[in-house]
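Tertiary structure, described
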Amino acid sequence: MKRSSMDGDVPIVLIVDDDPESLLLVSTMVEYIGYRPVTASTFDEARELLEQRPAALVLDMVMPEMTSDRIATLLHETSNTLPVVFMSAAMQGRLGAQAANYVRLGVNVVSTLAKPFWIDVLVNALEHAIPDAPAGAIAAS
């Protein structure tokens, strides 16, 4: 989906990952398909950016200082139903099981992505996470 960057209704997608290269790659993909990416590499940055009320959260599962667990706990404690797309390279074999644990905690996990992933997989995950995104989208090539 490609949306005009001039559109004030472009959904914000918060991307949280401790790897700067991964943040750059995923945020570039998110921007390319028409969303407005904001990025964080720590729990404190993510907590602050959650106040911007993003439309979706793309969260790396394996981060220092239990960042993913802390964010999941924060979402649970604040009854935040923000759609979450979990991604991981290190936990490919356990990605689904770990996501299920977060679902039991009350986190709105809508998709999981095993790194590396293609842009079409991210497009599908975000379309599922943000089904009511503004009209006027075109398919990403």
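Now for a quick tour of the structure. Because the structure is a prediction, the values reported are computed rather than measured.

Rules behind the numbers
- Residues numbered from 1 in each chain as written.
- Predicted model: local features only at pLDDT ≥ 70, side-chain atom pairs only at ≥ 80, totals over all residues.
- Heavy atoms only, no water.
- Helix = DSSP H or I, 4+ residues; strand = E, 2+ residues; numbered from the N terminus.
- Axes fitted to C-alpha atoms, helices over the stretch in contact; angles between N-to-C directions.
- Left-handed = near helix turned anticlockwise from the far one by under 90°.
- Contact = heavy atoms within 4.5 Å.
- Nonpolar A, V, L, I, M, F, W, Y, C, P; charged D, E, K, R; others polar.
- Core = buried A, V, L, I, M, F, W, Y, C linked by side-chain atoms within 4.5 Å.
- Buried < 20%, exposed > 50% of the residue type's maximum accessible area, 1.4 Å probe, protein only.

By the secondary structure assignment, Pro54 is in the loop between α2 (43–50) and β3 (56–60). Separated by 42 residues in the primary sequence, Pro54 and Ile12 place their C-alpha atoms 4.7 Å from one another.

In this section: the packing of helix α1 (residues 20–32) against helix α5 (residues 119–129). Running from N to C, α1 and α5 cross one another at 65°; their axes reach a closest spacing of 10 Å. In this structure, α1 crosses over α5, and the sense of that crossing is right-handed. Residues Val26, Met29, Val30 and Tyr32 of α1 form the contact with α5, whose participating residues are Ile119, Leu122 and Leu126. Taken together, the residues of the contact of α1 with α5 break down into seven nonpolar, no polar and no charged.

Before going further, it helps to examine the nonpolar core. Ranked by internal contacts, the top residues of the largest apolar core, which has 25 residues, are Leu14, Val16, Leu57, Leu59, Ile71 and Leu75. Elements with a contribution of two residues or more to this core: β1 (12–16), β2 (36–40), α2, β3, α3 (67–77), β4 (84–88) and α4 (95–105). Those residues in contact with Leu57 that lie beyond four places of it in its chain are Leu14, Val16, Ile71, Leu75, Leu82, Pro83, Val84 and Val85.

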